[in-house]
Amino acid sequence: MMKKIKRTALVVGAGPGGSTAAYYLAKLGVDVLFVDKETWPRDKICGGVYVPALYPMLKEMGCYDEMMKYQACSITDFRLIDRDEDYVDMKTEPAMIATRRFTDDQIRRAAIRMGADFMENYEATSLIMRKGVVKGVHGLYHNTEMDIEADVTIIANGSHSELTRQLGLFPDPSDLTVYAFRAYVDGVEGLAPNMAEEYYVPKGLKGWSPICTTWLNPHYGGKQAVLGLTINEDALRDSGLSAMEFYEFWRDNTKFGQERLKNATLIDKFRGWRLPGCRQLGKSVVPGAIAIGDAVGASECAFDYGIPSAMTGGMIAANVIAGCAAKDDFSYDELNAYQKMAEEALNPSLGFNALFRDELLNKEDVMKDFFKFVKAQPGYPNVMFGDTAAKYMMEVLKLDLGGNKSNQ
Ligand SMILES: Cc1cc2nc3c(=O)[nH]c(=O)nc-3n(C[C@H](O)[C@H](O)[C@H](O)COP(=O)(O)OP(=O)(O)OC[C@H]3O[C@@H](n4cnc5c(N)ncnc54)[C@H](O)[C@@H]3O)c2cc1C
């Protein structure tokens, strides 16, 4: 016989978004079960950069010290390299780099410590819908059918979410969607231990649009690194190349590729993930459910950072749901308070990244002019990325940044 469970709040996905939601729900006294299809700890294809804006939340959850202790490195410097392999260096607030196998597990454990119930190996396969309201999920637990019913469901199952697709919440803007690949490499040459390098489309590749980046983040003193490759979906289709061919082209035909990787070996396989980004947070609430993080494409579209949106979204969703639980009112109007609160919290950095991408990174001449501007700043290269980029966009490009600002 099929098993059934009924809870107040169900969170699908125990990535940073889902585990953060579960943590705060438990902290606020809401009965919560969070589930994940994987056996934990699990890996996630990611660069593993945690921007400092996340530190207060990590501290509150009791994860910060452990993550700092075992982080692979701290990034304080950032090099942008253009299509001609000219580059500019800037500073960022120190960002933590750590493997997602480790960090996601820390956040998941924090939620369990706080009192959230967790079930691994549970794969949600579709939503339980009644009269247009989400009432939980149908799923498989160790390949046996099991339904979980809930007053409210947080959908946090990442960028392959079939649940947000079912609801029409999954955005698919091909100009903002990248194929993102990652491998760990050993024997990298010349990469400073505290510097992330980000390379844009190398010259010589026909048909590639901007926002094809290759990046290296150093681990353990710079010899080992996270090697990433993000390629715009349209560009990948136009090029006729595979992602691996793009990587090999970059490695064999660019100065930086040759220099950094001439003696390097891949520690693990290059593995990829389709990642939609956005310029502003899209519709995230339907009757009975709130969707957060990659499940609604909430990644920043210039640097593909998505952990901040996922965790902040999780925290806000938990607060809204705790308010609903206190009134025993899980109506759409009550849940929809999430939309405005999340937009206020997330849109400034999503918007900043979108402007930076659309008006600067995507325009070869503008990017060159930006490099000149940065190098002319007093104290260069000790200039902060966020402030300098904002200054350039306002003073030179005459853009109205409104409330948009960098979180780096
Ligand atoms: C190559 C690459 C590099 C990146 N680098 C960075 C970076 O350096 N910094 C940064 O901030 N962001 C980065 N990102 C983005 C970041 O990884 C995501 O935005 C972030 O993981 C989103 O968190 P999430 O909780 O929404 O989803 P996820 O982390 O994807 O977690 C979703 C969870 O749901 C589970 N799940 C999926 N389907 C189901 C189901 N049907 N039933 C039950 N469970 C399910 C999965 O097992 C997973 O544990 C990168 C992304 C890529 C692809």
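What counts and what doesn't
- Residues numbered from 1 in each chain as written.
- Predicted model: local features only at pLDDT ≥ 70, side-chain atom pairs only at ≥ 80, totals over all residues.
- Heavy atoms only, no water.
- Domains from an automatic or database assignment.
- Contact = heavy atoms within 4.5 Å.
- Buried area = accessible area lost by both parts, 1.4 Å probe.
- Salt bridge = Lys/Arg side-chain N within 4 Å of Asp/Glu carboxyl O.
- Helix = DSSP H or I, 4+ residues; strand = E, 2+ residues; numbered from the N terminus.
- Buried < 20%, exposed > 50% of the residue type's maximum accessible area, 1.4 Å probe, protein only.

Enquirer: What exactly am I supposed to notice about the domain arrangement of the protein here?
Expert: How large an interface is tends to be reported as the accessible area lost when its parts come together. Taken domain by domain, the protein consists of domain 1 (3-43 + 54-67 + 99-173 + 278-351), domain 2 (73-97 + 175-275) and domain 3 (355-395). Distance between the C-alpha centres of domain 2 and domain 3: 20 Å. Taken together, the 21 residues of domain 2 in the interface contact 17 residues of domain 3. Surface buried jointly by domain 2 and domain 3 totals about 1,700 Å² across both partners, of which 62% is contributed by carbon and sulfur atoms. Taken together, domain 2 and domain 3 are joined by three salt bridges. As a salt-bridge pair, Asp84 and Lys368 come within 2.8 Å of each other at their nearest N and O atoms. Contributing elements (two or more residues each) for the side of domain 2 that touches domain 3: β4 (73-81) and β5 (87-97).

Enquirer: Would you mind going over unusual backbone geometry with me for this structure?
Expert: Where the residue is not glycine, phi is negative for most of them; where a peptide bond is considered, it is trans in most cases. In this structure, the amide linkage connecting Trp40 to the following residue, Pro41, adopts the cis form with an omega of 0 degrees. For Pro41, the position within the fold is in the loop between β2 (32-35) and β3 (49-50). Cis peptide bonds are those with omega within 30 degrees of zero, and the linkage from Tyr380 to Pro381 qualifies with 10 degrees. Secondary-structure assignment places Pro381 in the loop between α12 (364-375) and α13 (385-395). Even without being glycine, Asn121 reaches a positive phi, approximately 60 degrees. When you line up the elements, Asn121 lands in the loop between β6 (117-119) and β7 (122-130). Exposure remark for Asn121: the relative accessible area of 18% places this residue in the buried category. Of note, Asp328 is a non-glycine position whose phi angle comes to about 50 degrees, a positive value. By the secondary structure assignment, Asp328 is in the loop between α9 (307-327) and α10 (332-335).

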